[in-house]
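Now for the letters of each chain:
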Amino acid sequence: MAKKQFKAESKRLLDMMINSIYTHKEIFLRELISNASDAIDKLAYAALTDDKVGLSRSDFAIWLTPDKDARTLTIEDNGIGMTREELESNLGTIAKSGSLKFKEELAEKEGEKGDVDVIGQFGVGFYSAFMVADKVTVTSRAYGSDEAWQWESSGADGYTVTESAKESAGTKIVLHIKENAEGEDYDQFLSQYTLQSLVKKYSDYVRFPIKMAMEKSRQTEKPADAGDDWKGGWETYTEIETLNSMVPLWQRPKNEITPEAAAEFYKSKFGDYEEPLGYITANVEGAVTYKALLFIPAHAPFDLYTRDYQGGLQLYSSGVLIMDKCKELLPEWFRFIPGVVDTQDVSLNISREMLQHTRQLEVIRNNLEKKIRAELLKIQKDKPQEYARFWREFGLLLKYSAMNSYGANKENLRELLMFPTTHESGLTSLKDYVSRMAEGQEYIYYAAADDAAQAGKLPQSERVLAKGYEILCTASSEDELLLQILGEQDGKKFKSVNDDDALPQSDEEKQAAEKQAEDAKALLDFVKETLGDKVHAVRTSRKLVSHPVCMTTEGPVTLEMEKYFKQQSQLSGMEVGAGMTAQRVLELNPASPAFAALQRAFETDKDKAAKYARVLYCQALLIAGLPLEDPAAYADLVCSLMD
Ligand code: ADP
């Protein structure tokens, strides 16, 4: 019979499994048991509404059967099974949530290479069977069908699908275990005791019994007619044992949900290679009774920011998985939180559509939202490094969520939001900023820059820092918008260091500044004329201390926004519209030696003064992190002044 070929990607994965040097090959068992458990979950769900299933919860099981003589290990379940088409599409191609390529790329990005990491970090599902088996035979009968089909493959040269027979729905996987090779002990996977300990290690919490006929020995009973010289003896017998405790972690008393157990559970259940940053347990009795176990992942799922991303919690009711990704159990902004909710208070007969509207889910969601926030705030307070990491991964989502619908949810998120700061902590919540505010400090200051270090170096920041005040960095246009939407923190308003009145000024100071501007009017007009359209206005600055020059803006578009629009238009290939450029204001420091030099040149040598004006303009661009229109011309200009 002609062999069918694997899809290219699957073939690569398969090759990788067959030739794997991975040391923890034993995880194949975890993967196959987890598939079996998923399949049973599906049929158990169907059984709720369909009497024809004919099985009750206690009938479901996963069977392990090692056979040393035949060198086979059989894993059998009475779950939903697979049709012929499903066998082909599920086992002939990779049906994993992320593709192999993505996984390899990620493993490489994380600085590691090769099969070891892909296998170790992500688990690889069904194909992991080929790490320990040189032939795999899958016989399956889908629930509701009276046909059974057999899929078989000895590796990368392809697979066959043939008609077969099976008494009832479910899947039976026979692994033909490889011969021992140098340094590789495959025999162990035929040993009952190894299998027993592997189930304990990886699959203890599987909610259906994993059964195995254990061969045991016992002392023979003394026959009634045996004489005094009876020596006794041993006999073997088999006993069917359930290898796993079956109590899922979330159903256990709180003191048994240790950080280690939680991390292990999280990794195997949600397929993450990294430990979670934290976890949340709930055991609530009241208007709605439920148990929950949620996790705060250390990194964002790769598709979090795509349209395809589907978040949600697993919803169990009376031990049956009702929904794999129940969105209604989480607010939008925590949609990346994985976990499990188990409650008897949602009616099992309602359809999945109806489920969305039940009041119980809303009660649970509101409770969980508070608990997640509290846990995050705890991490923020006790482990700032870890929170910084969390913020890098999920901050964007939280920021956008706080801005969505004109800030409708901002108060739920306010305390979680972080900003880069000139304070030594590097990253701060607004509340912490306020708690550090100096005596007499009126505002929360911010400056637009790529990072906090740059924000601190801006000429216009100098006077604010000199007062001992801290400056937040708005690294992107959405940060500025976010501050606008938040409005204030503990009664303190936000103030850009660019504002003329960022620091309170006395009447005398104001008058002096006005006089300075008047005195310099001819010079300022000259500079404006020299620069033409490049700037909207030229002014004497009230905000500079030692620096000679800075660039600020007037009107709604800031320099940060302009940079953002430019980036966007480069990505989309569209022109930057006129309304998307900032109106630039060149500010000169009348107290600086450079200003004095400009003034002198203006009085004696207009050509030189024009050159000075252009140099100052270019410097202002550079300081603001903006590109020079013509860097070579700028270099020539500076050199021409060195004569
Ligand atoms: P994953 O389980 O991550 O989807 P696998 O490669 O392990 O990836 O399995 C691919 C698919 O094959 C599963 O999604 C499931 O639909 C199907 N499958 C695997 N094992 C079984 C089983 N024992 N019973 C029913 N379907 C199964």
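Below: a short report on this structure.

1. Some points on the pattern of salt bridges
Close approach of charged atoms allows side chains of opposite charge to pair. One pass over the structure, following the stated rule, counts 32 salt bridges. Here R71 ties to E179 by a salt bridge, and the two come within 3.8 Å at their closest N and O atoms. Of this pair, R71 sits in the loop between strand 1 (62-67) and strand 2 (72-77) while E179 sits in the loop between strand 6 (170-177) and helix 6 (192-203); the two residues are 108 residues apart in sequence, bridging distant segments of the chain. A relative accessible area of 13% means that R71 is categorised as buried.

2. Some points on the nonpolar core
Counting residues in each nonpolar core, the largest one holds 70 residues, and the members touching the most others are L315, F334, F336, V341, F390, L398 and Y445. At eight residues, the largest contribution of residues to this core is made by helix 10 (residues 384-407). If near-sequence neighbours (up to four positions away) are discounted, Y445 is found in contact with Y433, V464, Y469, E470, I471, L472, K495, V497, A502 and L503. Within the second largest apolar cluster, 55 residues are counted, among which are L14, M17, I75 and A129.

3. A short note on the packing of aromatic side chains
Applying the stated criterion across every chain yields a total of 23 aromatic pairs. Judged by centre distance (6.2 Å) and plane angle (70 degrees), the rings of F60 and F208 are edge-to-face. With F60 in the loop between helix 2 (27-49) and strand 1 and F208 in the loop between helix 6 and strand 7 (210-219), the pair connects residues that are 148 residues apart, well separated along the chain. Overall, the relative accessible area of 1% leaves F60 in the buried class. Among the aromatic residues, those joined into a cluster by ring pairs are W250, F265, Y266, F270, F295 and Y316. We note K606 situated over the ring of F602; from NZ or CZ to the ring centre the distance is 4.5 Å.

4. As for the sheet that holds strand 7
Pairing is mixed across the open sheet formed by eight strands, whose spatial order is 5-4-3-6-2-1-7-8. Looking at strand neighbours, the two that pair on one side only are strand 5 (159-164) and strand 8 (234-242), the edges of this open sheet. Shown here is a sheet whose adjacent strand axes are inclined to one another by a mean of 20 degrees, direction ignored. Direction of pairing for strand 4 (residues 148-153) relative to strand 5: antiparallel, over a ladder of six bridges. In the sheet register, W149 faces strand 5, and the bridge partner there is E163. Across the face of the sheet, helix 2 comes into contact with strand 1, strand 2, strand 6 and strand 7 while running at roughly 25 degrees to strand 2.

5. Structural notes on a nonpolar patch on the surface
Residues Y305, L396, Y400 and Y564 make up a contiguous nonpolar surface patch of about 360 Å² in total accessible area. Its location among the elements puts Y564 in helix 18 (residues 559-572). Classification of Y564 by relative accessible area gives partly exposed; the value is 30%.

6. So, the packing of helix 20 (residues 606-623) against helix 21 (residues 631-640)
Following both chains from N to C, one finds helix 20 and helix 21 inclined at 130 degrees, their axes separated by 10 Å at the closest point. As judged from the angle between their axes, helix 20 and helix 21 are oblique. Judged by the twist between their axes, the crossing of helix 20 over helix 21 is left-handed. On the side of helix 20, the interface is formed by K611, R614, V615, C618, Q619 and L622, while helix 21 contributes Y634, L637, V638 and S640.

7. A closer look at the pairing of strand 10 (residues 290-296)
Counting buried positions along strand 10 gives six out of seven residues, so the element sits mostly inside the fold. Both strand 9 (residues 278-284) and strand 10 contribute to a ladder of seven bridges, which runs antiparallel. What sits directly across from V284, in strand 10, is Y290. Joining the antiparallel neighbours strand 9 and strand 10 is a turn of five residues. Sheet analysis places strand 10 next to strand 13 (residues 339-343), joined by five bridges and oriented antiparallel. Note on strand 13: the bridge partner recorded for A292 is V341.

8. Considering helix 19 (residues 593-604)
Over its twelve residues, helix 19 runs 17 Å from end to end, which matches the ideal 16 Å to within 8%, given 1.5 Å per residue. Listing the buried residues of helix 19 in full gives F595, L598, A601 and F602. Taken end-on, helix 19 shows its buried residues confined to a sector of 125 degrees, consistent with a single buried face. The outward face of helix 19, more than 90 degrees from its buried face, is lined by the exposed residues P593, R600, E603 and T604. In this fold, the buried residues of helix 19 make contact with helix 17 (521-531), strand 20 (537-540), strand 22 (583-588) and helix 20.

The rules behind each value
Residue numbers here run from 1 along each chain, matching the order of that chain's written sequence. Confidence filtering applies because this is a predicted model: local features only for residues at pLDDT of at least 70, side-chain atom pairs given and counted only at 80 or more, and all residues used for totals across whole chains, interfaces and linings. Excluding hydrogens and water, the side-chain figures rest on all heavy atoms present in the structure. By convention in these notes, a salt bridge is any Lys or Arg side-chain nitrogen within 4 Å of a carboxyl oxygen on Asp or Glu. Runs of E in the DSSP output that reach at least two residues are strands. Runs of H or I that reach at least four are helices, and both are numbered from the N terminus. Buried means the residue's accessible area, taken with a 1.4 Å probe over protein chains only, is under 20% of the maximum for its type, while exposed means over 50%, and partly exposed covers the values in between. For this analysis, a nonpolar core means a set of buried residues of the types Ala, Val, Leu, Ile, Met, Phe, Trp, Tyr and Cys, connected via side-chain atoms within 4.5 Å. What makes two residues a contact is simply this: any of their non-hydrogen atoms within 4.5 Å. The criterion for an aromatic pair is that two Phe, Tyr or Trp rings (for Trp, the six-membered ring) have centres within 6.5 Å, with stacked assigned to planes under 30 degrees apart, edge-to-face to planes over 60 apart and tilted to the rest. Criterion for a charge above a ring: Arg CZ or Lys NZ at most 6 Å from the ring centre, at most 35 degrees from the ring normal. Note on pairing: DSSP must find at least two bridges between two strands before they are called paired. Axis geometry follows a simple rule: fit a line to the C-alpha atoms, using only the stretch in contact for helices, then measure angles between N-to-C directions, giving values from 0 to 180 degrees. Exposure above 30% relative accessible area and no salt bridge define the residues that can form patches, which grow by joining like charges within 9 Å and nonpolar side chains of Val, Leu, Ile, Met, Phe, Trp and Tyr within 5 Å. Each accessible area value is a Shrake-Rupley result obtained with a 1.4 Å probe; residue values ignore everything except the protein chains displayed when judging cover. Working definition: roughly parallel below 35 degrees, roughly antiparallel above 145 degrees, roughly perpendicular at 65 to 115 degrees, and oblique for all remaining angles. For a crossing to be left-handed, the near helix must be turned anticlockwise from the far one by less than a right angle; the clockwise case is right-handed. Given a helix with a known number of residues, its expected span is that number minus one, times 1.5 Å. This arc describes the spread of directions from the helix axis toward the C-beta atoms.

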